[in-house]
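Analysis of the macromolecular model
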Amino acid sequence: MVAEVIYGDQLAASLREEMKEEVTKLKASGISPKLVVVLIGDDPASKSYVSGKQKAADFIGIDSELISLPSTTEEKSLLELIERLNNDQSVHGILVQLPLPKQINEQAIIEAIDPSKDVDGFHPISIGRMLTQQETFLPCTPYGIVTMLQSKNIDIAGKHAVIVGRSNIVGKPVGQLLLNEHATVSYCHSRTKDLSAITKQADILIVAVGREKMIDASFIKPGAVVIDVGVNRTNEGTLTGDVDFESAKAVSSYITPVPKGVGPMTITMLMKNTIQAAKAHNKKK
Ligand code: NDP
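In this text the structure is predicted, and so the values were computed from the model without any measurement.

1. Side note on the overall build of the protein
What the protein contains, in helices and strands, is ten helices and eleven strands. Here the C-alpha atoms of the protein give a radius of gyration of 19 Å, agreeing with the 19 Å that 2.2 N^0.38 yields for 285 residues. Its C-alpha atoms give the protein principal-axis dimensions of roughly 50 × 40 × 40 Å. Here the protein holds 285 residues, and 43% of them are scored as buried. A separation of at least 24 residues holds for 70% of the contacts in the protein among residues at least 6 apart in sequence.

2. Structural notes on the UniProt feature "domain: Tetrahydrofolate dehydrogenase/cyclohydrolase catalytic" (unreviewed entry) in the protein
In the numbering used here, UniProt assigns the "domain: Tetrahydrofolate dehydrogenase/cyclohydrolase catalytic" (unreviewed entry) feature to residues 6-120. Between the C-alpha atoms that bound residues 6-120 there is a distance of 24 Å. The span itself is 50% helix and 16% strand.

3. Considerations on the domain arrangement of the protein
Per the domain assignment, the segments of the protein are domain 1 (30-114) and domain 2 (140-262). On a C-alpha basis, the centroid separation for the pair domain 1 and domain 2 is 28 Å.

4. Describing the sheet that holds strand β2 (residues 34-40)
Within a sheet, each strand pairs with its neighbour through backbone hydrogen bonds, oriented either parallel or antiparallel. Within the open sheet, the three strands sit side by side as β3-β2-β4. Their pairing is parallel. Two strands close off the open sheet at either side, each with one partner strand: β3 (63-69) and β4 (93-96). Taken pair by pair, the neighbouring strands of this sheet meet at an average axis angle of 15 degrees, ignoring direction.

5. Details of the pairing of β4
Of the two faces of β4, the one lined by G93 and L95 and the one lined by I94 and V96 are each fully buried. As defined by bridge partners, β2 adjoins β4 across four bridges and the pair is classed as parallel. Following the sheet pairing, V38 is matched in β4 by V96.

6. Some points on the nonpolar core
By size, the foremost hydrophobic cluster in this structure holds 80 residues, and its most contacted members are A161, L205, I206, V207, V226 and M271. In terms of residue count, the dominant contributor to this core is helix α10 (residues 262-284) (nine residues). In this structure I206 touches I145, A161, I163, V164, V174, I227 and V229, once residues within four positions along its chain are discounted.

Rules used throughout
- For every chain, the first residue of its written sequence is number 1, and the numbers climb from 1 along that sequence.
- At least 70 in pLDDT is required for a residue's local features to be given in this predicted model, at least 80 for side-chain atom pairs to be given and counted, and no such filter applies to totals for whole chains, interfaces and linings, which use all residues.
- Here a strand is any run of E in DSSP of at least two residues, a helix any run of H or I of at least four, and the numbering for each starts at the N terminus.
- Atoms counted for the radius of gyration: C-alpha only. Globule rule: 2.2 Å times residue count to the power 0.38.
- Counting other C-beta atoms within 10 Å of a residue's C-beta gives its exposure: the residue is buried at 20 or more, exposed at 12 or fewer, and partly exposed in between, where C-beta atoms are placed from the backbone.
- Whether two residues are in contact depends on their C-beta atoms, placed from the backbone: they are in contact if these lie within 7 Å.
- UniProt positions are given in the numbering used here, feature names are shortened, and annotations may be inferred rather than shown by experiment.
- Marked domain ranges trace back to an automatic or database domain assignment.
- Should DSSP find at least two bridges between two strands, the strands are regarded as paired.
- For helices, the axis comes from a line fit to the C-alpha atoms of the stretch in contact; other axes are also lines fit to C-alpha atoms, and the angle between any two N-to-C directions lies between 0 and 180 degrees.
- Among buried residues, those of type Ala, Val, Leu, Ile, Met, Phe, Trp, Tyr and Cys that are joined through C-beta atoms within 7 Å form a set called a nonpolar core.

Below you can see the structure in the form of structure tokens.
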């Protein structure tokens, strides 16, 4: 079996076209979605993510403002900035690019963002609402992954989904979203014993670790759907995933590439959340 490749960049492009039309209509009705991205320091990966987000916003017609602060920024001044953005009626979405410098408590910052503007979906209220299946902002990478599966009409209900990685931003929430879609979910992590024995049971295998090519065909049940979230920079400066693409492609039914897979979908779902935030804000007025 040779897998069909799910190109996240193509799906993202068509979703962005739809969003562009929606934003044009929203603007005509007086709603102008606005996202503020706060970038602290000059980490090259963070800068590149932020520029991808701004490009997507520009294309769709979402107003986006970038606030760049030095790496020496203190937690107190970042909290003050968030307070100002929380109170600014023209701002619908606030995103603080992670990771943050050591002197800033990441959790305190996440919790300071008004949940109604939490377009990253990391606030404990957003997570709790996701867990209890109430309307909320879904975290962008998991949301993008489920959207990719749905775009190919891949059955999730009753399937065994195995997630490798249990971070708060990817592993845990993607398992929860798949559980909400009625999958049977197993989580694997650095303490998991005999990883391949578990991954081989997966109908849907999601890999979010950050280790180049750690999953090859020997970890995959023939016919499984493989979603590679990992982004690793090789010594040659190229990007590669956590899955050995060529070997995995030969046994799976669907597979996502890196790049052009999950990454563009993450940014696209951020835009979707920003539009959702703007619409909800307007309803409340
Ligand atoms: P974290 O470093 O926060 O989490 C990594 C997880 O992998 C941890 O749960 C860890 O286990 C687990 N792990 C580490 N080693 C092993 C191992 N040998 N076997 C099994 N599990 C292991 O990473 P993130 O979740 O933030 O990101 C994961 C990857 O996804 C990274 O490459 C990141 O760059 C990428 N990413 C891509 C995005 C996109 O849009 N494409 C968005 C976000 C992330 P433990 O908990 O026990 O330590």
